[in-house]
Amino acid sequence: MAQTLKAKLGGLIPKLREERTAILKGHGAQTISEVSIAQAFGGMRGVKGMICDTSVVEPDKGLIIRGMPILDIQDKLPEEIFWLLISGELPSADELATFQQELKAMGEVPKYIWKVLKAMPKTSHPMAMLDTAILAMENESMFRKRYNEGMAKTEYWEPALEDAMKIIATIHTIAAGVYRIKYKKGDLIEPSKKLDWGADYAKMMGLPPRKGQNYEMMRLYLTLHTDHEGGNVSANTCHTVGSALSDPYYAVSAGLNGLAGPLHGLANQECLNWILQTMDKFGGVPTEKEIEEALHSLLRDTVEKHLLSDVRVGAFLSGGIDSGTVTAMMAEITGERIPTFSVGVHEQSFNELPFARMVSGKYNLEAHERVVEANLIQMVPSMICLLYT
């Protein structure tokens, strides 16, 4: 008989608790991060403040989920990735089938949720509608029910997992419903008893199968967005809210609020808007060559406008794609040695100077480097004073 996700996790939890105890006992007093005043003002960016072993985004390798590069698992279903994130392993065929059946059984959205969504202002943003629906569904929380009844701390994970699975089982139906209500696409479409999670989401939105291509597109899109480290705004918010023993409905709703910001998930919307504008410009889907030429022209025009100055213009070169591309374009436009300024650190896992040097060498830049020491925080008061002189 195939193992359920709850049974799988139940077998792993004792070992995970032992590992946690051993880490705290052996390394509990070890310092993993120092915080500068600038970081405190800047929203704690770059501060190591949580444990996350589900995924990591490497600058030269991309997204890695539980040790598996995204390109190696891009053909997996979102349900398989969820199982992988929770358990550390991909499910067997039988485990996947059992898990999918569980999600189908938990997939009914309470009728009052649709009433709430249809009562919201017509101008409501889809993200406001989605997080409101998840928050309103807190009424279904098994964690809250079990907590009020009184349960042992060692049992917290069980109703928390049940709540999480209920959210996963219904959120695609709710999101599809939000789309159809917000954009007046017609009646809601009932979920399928046969389609997988991603394909069912596409179907409920009203997308035609197109020989399965739209279903495949949605599966891939969801797989690529399953987890991008635990320290981003939405994931960190979920952790913070959940740390108060607020149930998963509260935590996920709060995380969605963070996701709605333009410096986080809303950036996706802005990218999609740009794609639609580009398609309008070309009267349809442009060729790869047309896209390349359009992007090069747009970037060149933008950089050239910012080069207008009475003094010599330089660039901060971090070694990343953004600053490297802009600096390369500056060199191409001016034909001059662009002065660049790069900052590095002694800790090699965070040091980007090697990447900056690659760009500098290729474009013959006038590179200036500075390796900062751990006592940088002592310079912060002077740096702040200089801003006002």
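Note that this is a predicted model, so its numbers are computed, not measured.

**Observations concerning the overall build of the chain**
The helix and strand inventory of the chain stands at 18 helices and six strands. If one aligns the C-alpha atoms of the chain with their principal axes, the spans along those axes are about 65 × 60 × 40 Å. Here the chain holds 389 residues, and the buried ones make up 33% of them. Pairs at least 24 apart in sequence give 61% of the contacts found in the chain among residues at least 6 apart. Summing over all exposed atoms, the chain offers an accessible surface of approximately 24,400 Å²; the carbon and sulfur share of this is 58%. Distance between charge centres in the chain, computed from 40 positive and 48 negative side chains, equals 5 Å.

**Description of the pattern of salt bridges**
Tallied over the full model, the rule gives 11 salt bridges. Among the ionic pairs, Glu138 bridges to Arg144, the shortest N-O distance being 2.6 Å. Taking the relative accessible area as the measure of exposure, Glu138 reaches 7% and is therefore buried. In this structure, Arg146 and Glu155 form a salt bridge, with 3.1 Å as the shortest nitrogen-oxygen distance. With a relative accessible area of 29%, Glu155 lands in the partly exposed category. Overlapping salt bridges bring together Asp196, Glu216 and Arg219 as one network.

**Re the sheet that holds strand S2 (residues 62-65)**
Spatial strand order, S1-S2-S3: three strands in an open sheet with antiparallel pairing. Unpaired on one side and paired on the other, strand S1 (55-58) and strand S3 (68-69) mark the two borders of the sheet. For S2 and S3, the ladder comprises two bridges, and the chain directions are antiparallel. The partner of Ile65 across the bridge, within S3, is Met68.

**Describing the sheet that holds strand S4 (residues 315-316)**
If you walk across this open sheet you meet the three strands as S4-S5-S6, and the pairing is parallel. The two strands at the open ends of the sheet, each matched to only one other strand, are S4 and strand S6 (366-372). Pairing analysis gives seven bridges linking strand S5 (residues 339-345) to S6, with the strands arranged parallel. Of the residues in S6, the one forming a bridge with Val343 is Arg370.

**Considering the pairing of S2**
As defined by bridge partners, S1 adjoins S2 across four bridges and the pair is classed as antiparallel. For Val57, the partnering residue across the bridge sits in S2 and is Leu63. The antiparallel hairpin formed by S1 and S2 contains three residues in its connecting segment. Counted along the chain from S2 to the antiparallel partner S3, the turn is two residues long, and its residue Arg66 has a positive phi close to 50°.

**Regarding the packing of helix H1 (residues 5-27) against helix H9 (residues 157-182)**
Put simply, H1 and H9 touch, their axes get as near as 11 Å, and they point 135° apart. Regarding the angle of H1 to H9, the classification is oblique. At the point where H1 passes H9, the crossing takes the right-handed sense. Residues Leu5, Lys6, Leu9, Gly10, Ile13 and Arg17 of H1 lie in contact with H9, whose contacting residues are Trp157, Glu158, Leu161 and Met165. Looking at the contact of H1 with H9, its residues break down into six nonpolar, one polar and three charged.

**Points about the nonpolar core**
In this structure, Leu117 and Ile174 are the most contacted members of the largest nonpolar core, which totals 40 residues. Filtering out sequence-adjacent residues up to four positions away, Ile174 remains in contact with Val109, Trp114, Leu117, Leu130, Ala133, Ile134 and Met137. Core analysis: the second largest hydrophobic core is formed by 12 residues, Val303, Leu307, Met329 and Val359 among them.

**Describing the packing of aromatic side chains**
All told, the structure shown has six aromatic pairs when counted by the stated rule. Relative to Phe99, the ring of Phe82 has its centre 5.9 Å away and its plane inclined at 5°; by these criteria the two rings are stacked. Taken as a pair, Phe82 in helix H4 (residues 78-87) and Phe99 in helix H5 (residues 93-105) lie far apart in primary sequence, 17 residues in all. A residue is classified by how much of its surface remains accessible, and Phe99, at 1% relative accessible area, is buried.

Cut-offs used in this document
- Residues numbered from 1 in each chain as written.
- Predicted model: local features only at pLDDT ≥ 70, side-chain atom pairs only at ≥ 80, totals over all residues.
- Heavy atoms only, no water.
- Helix = DSSP H or I, 4+ residues; strand = E, 2+ residues; numbered from the N terminus.
- Buried < 20%, exposed > 50% of the residue type's maximum accessible area, 1.4 Å probe, protein only.
- Contact = heavy atoms within 4.5 Å.
- Areas by Shrake-Rupley, 256 points an atom, 1.4 Å probe, with all protein chains shown as cover.
- Lys, Arg positive; Asp, Glu negative; His and termini not counted.
- Charge placed at Lys NZ, Arg CZ, Asp CG, Glu CD.
- Salt bridge = Lys/Arg side-chain N within 4 Å of Asp/Glu carboxyl O.
- Pairing = 2+ DSSP bridges.
- Axes fitted to C-alpha atoms, helices over the stretch in contact; angles between N-to-C directions.
- Parallel < 35°, antiparallel > 145°, perpendicular 65-115°, else oblique.
- Left-handed = near helix turned anticlockwise from the far one by under 90°.
- Nonpolar A, V, L, I, M, F, W, Y, C, P; charged D, E, K, R; others polar.
- Core = buried A, V, L, I, M, F, W, Y, C linked by side-chain atoms within 4.5 Å.
- Phe/Tyr/Trp six-rings, centres within 6.5 Å; stacked < 30°, edge-to-face > 60°.

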